[in-house]
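Here is what each chain is made of, one letter per residue.
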Amino acid sequence: MSLEKLNRSLVQEVEALKAEGRAKAPERIIVGYLPPRNGRGPRYQLRGSNLEFLRMNSNSYLSLSNHPELIKAADEATHRFGVGPGAVRFIDGTFSYHAELEERIARFVNKPAAKIFNSAYTANLAVALTINNAGTYWIGDELNHNCIIRAMRISNVPRENRAIYKHNNMEELKNCLNNIPPGMERIVVIFDGIFSMRGDCAPLNEIVKLTEPLTERFKEGVITVVDDSHGIGAYGDSGRGTEEFTGAKADVLVGTFGKAFGVNGGFIAGSEELIEAVRQKADTYIYTNPLSVADCAAAIKAIEIAGGAEGRERLRHLKARTGQFRNGLAALGRESIPGPHPVVPLLVRDTARTRQLVQHLFQKGILVIGLTFPVVPRGDETIRFQINAAHTESDIDEVLEALSGFKA
Ligand SMILES: Cc1ncc(COP(=O)(O)O)c(C=O)c1O
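How each quantity is defined
Residues numbered from 1 in each chain as written. Predicted model: local features only at pLDDT ≥ 70, side-chain atom pairs only at ≥ 80, totals over all residues. Domains from an automatic or database assignment. Contact = placed C-beta atoms within 7 Å. Helix = DSSP H or I, 4+ residues; strand = E, 2+ residues; numbered from the N terminus. Nonpolar A, V, L, I, M, F, W, Y, C, P; charged D, E, K, R; others polar. Near = placed C-beta within 6 Å. Expected span 1.5 Å × (residues − 1). Buried ≥ 20, exposed ≤ 12 C-beta atoms within 10 Å, placed from the backbone. Arc of directions from axis to C-beta. Pairing = 2+ DSSP bridges.

Let us look at the domain arrangement of the protein chain. Considered domain by domain, the protein chain is made up of domain 1 (20-52 + 310-404) and domain 2 (68-306). A separation of 27 Å is found between the C-alpha centroids of domain 1 and domain 2. Taken together, the contacts link 15 residues of domain 1 with 14 residues of domain 2. Put simply, the parts of the chain that give the side of domain 1 that touches domain 2 at least two residues each are α12 (309-331), β12 (343-347) and β15 (382-386). It is α12 that contributes the most residues to the side of domain 1 that touches domain 2, five residues altogether. Classifying every residue of the side of domain 1 that touches domain 2 gives eight nonpolar, four polar and three charged.

Structure follows, in structure tokens:
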């Protein structure tokens, strides 16, 4: 047997993606990490380039990935238990670090219990695999992350069991809630806390206000699920995310250790009963090896740091640098979406100009991601900047200077 015939078709499919403008660019390969020095934050070296790059496209909001205490914790855990778990959780693949991370993250987000996953992506799939049944009706924001959309498909949610409201539009959400078809018993409103490409925040308090009064109307109530992958650790006065920022609580919280906490892995937090059901029902938990103990130990340390004085200081610095960048963009007459989140979109509103500006920044040693048509609608072309706590004042000035030099 050969892949020859299949290869031909796959090449055509990839070519079609390229022709549509949907193909991913070749991946740049990081070959060096240069620690902060002389008032500059960390820099990265890429294969094939002599430049030292400033990453303005990292989700590592608190810049904990290279923290010596996280590295030490990962190292110690590895020396105790080795590099891999050897089995899935229910076949003696559960180590003390897994249990401890679940306790720590539940406490950090102030929920009764939590389960950890290899990623927030698989955690979102698990939410749907656990909760969905024939009487479940799902309502989601149109800009929800791909993993929530995929979660509907993997759980075989039929078209008539779901509705979508326009981004953050509470009138449309109200309409969706008022038009739930008869026979639905379990209503789930699911949305990103922070929308990753825009840095704006779901109005969780308003969503709760709309859903709470309806809970009596449905046999199994109306529940809210927030995926706060970009909020936890990075948003709100103490980094508790969208719940803290809006002053409201979701019933179920999904998050990641791979962004503000700087490690890897995801989690679901909620009631004890929900978490036990996840353990029993969610394929993306049951049939796959868990995180390594190194990841868990590093994530435990990240939570500890985020919850203490050092975390608060990092958050303060992150907010200051975010403010500096947002003010600098405004001073350059550039358009953004307002808000305090360290995701700062620069709306370019033109595909060719977006590409040119991304390239201009690259030549100046600055890494960013551009979103162009047809990935976003024409006119919404954007460059996403992400501020991290390791960025210094002079780093932000460097980026603003590079932007001011772009005249095309
Ligand atoms: C809202 C949201 N959920 C989930 C994820 C996936 O996170 P992870 O890398 O932990 O799977 C992302 C990351 O891109 C995200 O933006």
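Here we come to the site of the ligand. Every one of the 13 residues lining the ligand counts as a neighbour, but S119, A120, Y121, S196 and T256 are closest to it. Tallied by class, the residues present in the shell around the ligand amount to three nonpolar, eight polar and two charged.

The end-to-end C-alpha separation of helix α13 (residues 351-363) is 19 Å, in line with the 18 Å expected for 13 residues at 1.5 Å each. Listed in full, the buried residues belonging to α13 are T354, L357, V358 and L361. The buried residues of α13 all sit within an arc of 100° when viewed along its axis, so they share a single face. Of the exposed residues in α13, those oriented more than 90 degrees away from the buried face are A352, Q359 and Q363. Among the structural elements, β13 (366-367), β14 (369-371), β15 and α14 (393-404) are those in contact with the buried residues of α13.

This brings us to the sheet that holds β15. What the four strands build is an open sheet, ordered β11-β12-β15-β14; its pairing is antiparallel. The two strands at the open ends of the sheet, each matched to only one other strand, are β11 (335-336) and β14. Where β11 lies against β12, two bridges are found, and the strand directions are antiparallel. Bridge pairing in β12 links S336 to L346.

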